[in-house]
Amino acid sequence: MEKVRFGIIGIGNMGSGHCQNLEAGKVKEGVLAAVCDISEERREWARKNLSPDVQIFENTDQFFANAKVDAVIIAVPHYFHPPLAIEALSHGLHVISEKPAGVYTKQVREMNAAAKASDRVFGMMFNQRTNPVYQKVKDLIDSGELGEMKRVVWIITDWYRSQSYYNSGGWRATWSGEGGGVLLNQCPHQLDLWQWICGMPSRVRAFMQYGKCRDIEVENDVTAYAEYPNGATGLFITSTHETPGTNRLEISGDRGKIVVENNTITFWRNRVGEKQFNEEYTGGFGNPECWKIEVPAPGPNPQHVGILNNFCSCVLHGTPLLAPGEEGIRGLSISNALHLSDWTGEWVDPSNFDEDLFYELLQEKIRNSTVDKKDTKAVTFNTEGTY
């Protein structure tokens, strides 16, 4: 094939953005061929705004039976990501899913197994991995420039959401509608970058507040402590009710400290590593010589378009994926572990926790969910994954 023919399932906020990028020719080796949405309002939008040769379907049964596509972009509510990815793979289609990978890891493991058993390309829309700032920070750590990590602190509280935002859909900020709050809706990118750059923590302990300053049932204020295999520690703080908020990533290591804020990288670099300085210095009070360096991170930040261009290149030319779909479970494992820690009051290992217990407690919250049953947008899907 010369170009990848995309079908998009779900053309709400994110899906319509992908439509527009493809229609505008921003994805050089991709073309929009079909869309699917259960909402007549969204299908009418497609008829008015998309090329007349784009196929429009009202449900996935019709889509999978008749869409002339090579790949599927999944941009529907969180619970549907794994079942729709599995169905698309079973039809021999390449798949790229919006974040998060799913709501619970048991479901995502099934998706990953289906992808592994197929010969199709499976990607995740982790568009923050295209940001040259985070790519440079990862390089500084992977290359050993920072030395062994001692501590990572990420304060990400600039996700401000008003009550009117939550009121805009009965499914929003509910256990049955989204499966969680700030960790599942706003923060999957940061959780992915956290593990992408720093690796998986060995255990976490979380403290959450639910509906703080808002009439919602899910978490919108999270403080989490993490420990790493080498003894390093971490702190992750996020919320949706603070303004003005902060987005500051600070990583300390043997060779200094990296701070990312306002899309810039500042590296306080020790001329001599702290461990060596401590072993050799005999003067009592003192510190190693330290240089403040503004680290350039040149290059474009193509975001969603960059992920789609990379995905097409993988399908057509075998280029390695920047965001493999199988890696989506890592950030979700941290998210599930944080929830489980708060629910049980215990430490949790994100790489080895009781997935059955998590699922059981989640189902309990879903049964008690206050989702508006009269809101048709809230009840067009369920946790078993029908769309």
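All of the points below concern the structure found in this document. Just so it is clear, the structure is predicted and the values come from calculations on it, not from any experiment. (Residues numbered from 1 in each chain as written. Predicted model: local features only at pLDDT ≥ 70, side-chain atom pairs only at ≥ 80, totals over all residues. Heavy atoms only, no water.)

Attention now moves to the sheet that holds strand β1 (residues 4-9). Overall, parallel pairing links the 6 strands, which are arranged β3-β2-β1-β4-β5-β6 in an open sheet. Because the sheet does not close on itself, it has two edges, and the strands there are β3 (55-57) and β6 (122-124). Strand-to-strand twist of the sheet, defined as the mean angle between neighbouring strand axes without regard to direction, takes the value 25°. The pairing of strand β2 (residues 30-36) with β3 spans 3 bridges and is parallel. Bridge assignment links alanine 34 to a residue of β3, and that residue is glutamine 55. (Pairing = 2+ DSSP bridges. Helix = DSSP H or I, 4+ residues; strand = E, 2+ residues; numbered from the N terminus. Axes fitted to C-alpha atoms, helices over the stretch in contact; angles between N-to-C directions.)

For the peptide bond that leads from lysine 99 to proline 100, omega is -10°, which places it in the cis range. Note the cis peptide between threonine 243 and proline 244, where omega equals -5°. Here proline 244 shows up in the loop between β10 (233-239) and β11 (247-253). A positive phi angle is found at cysteine 213, which is not glycine, with a value near 65°. Residue placement: cysteine 213 occurs in the loop between β8 (203-210) and β9 (219-227). The exposed category is assigned to cysteine 213, whose relative accessible area is 57%. (Buried < 20%, exposed > 50% of the residue type's maximum accessible area, 1.4 Å probe, protein only.)

With that settled, consider the pattern of salt bridges. Considering all chains together, one arrives at 20 salt bridges under this definition. Note that aspartate 356 and lysine 106 form a salt bridge whose closest N and O atoms lie 2.8 Å from each other. Here the residue aspartate 356 occupies a position in helix α12 (residues 355-367), and lysine 106 occupies one in helix α5 (residues 105-117), the gap between them amounting to 250 residues. Given the relative accessible area of 47%, aspartate 356 is considered partly exposed. Given the relative accessible area of 33%, lysine 106 is considered partly exposed. Taken together, the shared-partner salt bridges in this structure form one network comprising Glu40, Arg43, Glu44, Arg47, Lys48 and Glu58. (Salt bridge = Lys/Arg side-chain N within 4 Å of Asp/Glu carboxyl O.)

Close contact between helix α8 (residues 188-198) and helix α11 (residues 328-344) brings their axes to 8 Å; oriented N to C, the two are set at 110°. Taken as axis vectors, α8 and α11 run roughly perpendicular relative to one another. For the pair α8 and α11, the contacting residues are Leu191, Trp194 and Gln195 in the first and Arg330, Gly331, Ile334 and Ser335 in the second. Partitioned by chemical class, the residues of the contact of α8 with α11 number 3 nonpolar, 3 polar and 1 charged. (Parallel < 35°, antiparallel > 145°, perpendicular 65-115°, else oblique. Contact = heavy atoms within 4.5 Å. Nonpolar A, V, L, I, M, F, W, Y, C, P; charged D, E, K, R; others polar.)

Think of an α-helix as 3.6 residues a turn; residues three or four steps apart then line up on the same face. Taking 1.5 Å as the rise per residue, α12 with 13 residues should run 18 Å; its terminal C-alpha atoms sit 18 Å apart, in good agreement. Every buried residue belonging to α12 is among Glu355, Phe358, Leu361, Leu362, Gln363 and Ile366, and all of these are buried. Packing partners of the buried residues in α12 comprise α5 and α11. N-cap assignment for α12: the residue whose side-chain oxygen lies 3.2 Å from the backbone N of aspartate 356 is aspartate 354. (Expected span 1.5 Å × (residues − 1). Polar contact = N/O pair within 3.5 Å; in protein donor to acceptor, adjacent residues only side chain to side chain.)

This part is about the packing of helix α6 (residues 132-142) against α8. Viewed as axis vectors pointing N to C, α6 and α8 meet at an angle of 30°, and their least axial separation amounts to 9 Å. In this view, α6 runs roughly parallel relative to α8, as classed from their interaxial angle. Contacts from Tyr134, Gln135, Val137, Lys138 and Ile141 of α6 reach α8 at Leu193, Trp196 and Ile197. Of the residues belonging to the contact of α6 with α8, the class tally is 6 nonpolar, 1 polar and 1 charged.

Relative to the helices and strands, cysteine 198 is located in helix α8. Each C-alpha atom, one on cysteine 198 and one on glycine 17, is 31 Å from the other, the two residues being 181 residues apart in sequence. The contacts of cysteine 198, once residues within four sequence positions are left out, are Met149, Val152, Leu193, Tyr228 and Ile251.

Just geometry here; none of it tells us what the structure is for.
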